[in-house]
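One letter stands for each residue in the lines below.
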Amino acid sequence: MADVEYRHVDKIFEEGTKALEKFSLAVEDGEMMVLVGPSGCGKSTALRLLAGLEAVSNGELLIGGKLVNECSPQHRDIAMVFQNYALYPHMTVRRNLEFPLRMMKLSKSEIARRVEDAAHLLTLTDLLEKRPRQLSGGQRQRVAMGRAMVRQPQVFLMDEPLSNLDAKLRTQIRAEIIRLQKSSGVTTIYVTHDQVEAMTLGDRIAVLNAGKLQQVGPPQELYEHPANTFVAVFLGNPGMNIFDATLNRDTGMLQLAAGTWQIPFEPLLVRKPSLTEYMEGPMLAGLRPEMFSTSTSGAEMTVESVESLGHECLVYFTASCVVPGGDQKTQVARLPGPAFYGTGNSIQLGFDPERLHFFTADGDAIA
């Protein structure tokens, strides 16, 4: 087992693309760290750098306290699970599991023991003599995980391993990954663009955007205390609604979405006195969709569309919203019960002002 550390790592490709910039992250021994962000944010590059599949442009990579910048992949003692399984199609499941152990020149008895242990843990025992083409997607992914497990490496690296599976299988394999990681205690770095995977899998989450680390911490901490509007909108399904906001000294009101909602701000200043620095100035306010409720005292909105999920529904509406780099956009409220709200109808929406998050006009959280 080992900890992992990225120290001020840059990755610049030959054509000049900067995939990572001053990326620093410490992963604790035995931790499940999830790197999450949109396509092209640098998360897979971070994994490939640690695996030795790409060279670092600047900075340092450490595994177990040892600098590995110049180490070849086979000497880093890591095992990687890829998105496309990367199984040998002409080999049986047993031979696929045995292959890395044969390369390590282990004894036949040790190879047999490790393969049988992995097959038992991953419920692959009945499939050992089958070939990959005879397996389902979920079974192939379990074989790929088993091939990484049998090596008993210091670090597991997983690069979007569930992206080719359907929703039900993803849920099932997620549960297996959590169980296996906790039972093995192997330091694991998991890359995904799916924030649901990130929230359910990670001991901690590192959110990346455009090659830069935005925030790192336990999933619930990032959900409840996002460092900026990017994290606020990216984490959550749907993400946080962002409105323009103004503290009007003359009226004593917090005006949201160009005055769509007007709320006395004195109680808010007691809880968050730093807001006084933004009096009359532009800032942003965020609200999670589940914090809305229907209320006769709420602001009247026109329903643009509704997604019924049975036990709840997502009601989309438009309110003035100025986010960094964006314009007015559709907002969403998560409301309980079946959908009784028709497109084009009016709905009155309110919320508890204590649930609001506040950000500067540039999108940084106001402390």
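Anything mentioned here points back to the structure above.
Small disclaimer: the values here were computed from a predicted structure and weren't measured. (Residues numbered from 1 in each chain as written. Predicted model: local features only at pLDDT ≥ 70, side-chain atom pairs only at ≥ 80, totals over all residues. Heavy atoms only, no water.)

(A) The side chain of E98, seen in detail. Take E98: it is sitting in helix α2 (residues 93-103). When near neighbours in sequence (up to four residues on either side) are disregarded, E98 contacts I111 and V115. (Helix = DSSP H or I, 4+ residues; strand = E, 2+ residues; numbered from the N terminus. Contact = heavy atoms within 4.5 Å.)

(B) The arrangement of the pattern of salt bridges in detail. The final tally for this structure, using the stated rule, is 16 salt bridges. Among the ionic contacts, a cluster of salt bridges with common partners joins E110, R113, R114 and D117. (Salt bridge = Lys/Arg side-chain N within 4 Å of Asp/Glu carboxyl O.)

(C) A look at the side chain of N228. Of note, N228 is situated in the loop between α7 (219-224) and α8 (229-234). By relative accessible area, which is 9% here, N228 ends up buried. Residue contacts for N228: discarding those within four places in its chain leaves Q214, F359, G363, D364 and A365. (Buried < 20%, exposed > 50% of the residue type's maximum accessible area, 1.4 Å probe, protein only.)

(D) View of unusual backbone geometry. With omega at 0 degrees, the peptide bond leading from N237 into P238 counts as cis. Mapped onto the secondary structure, P238 falls in the loop between α8 and β11 (241-248). The backbone phi angle of H8 is positive, close to 50 degrees, even though this residue is not glycine. Turning to its location among the elements, H8 is positioned in strand β1 (residues 4-12). Notably, E280 is not glycine yet its phi reads approximately 70 degrees, a positive angle. Inspection of the secondary structure assignment puts E280 in the loop between α9 (266-271) and β14 (283-287). Classification of E280 by relative accessible area gives partly exposed; the value is 41%.

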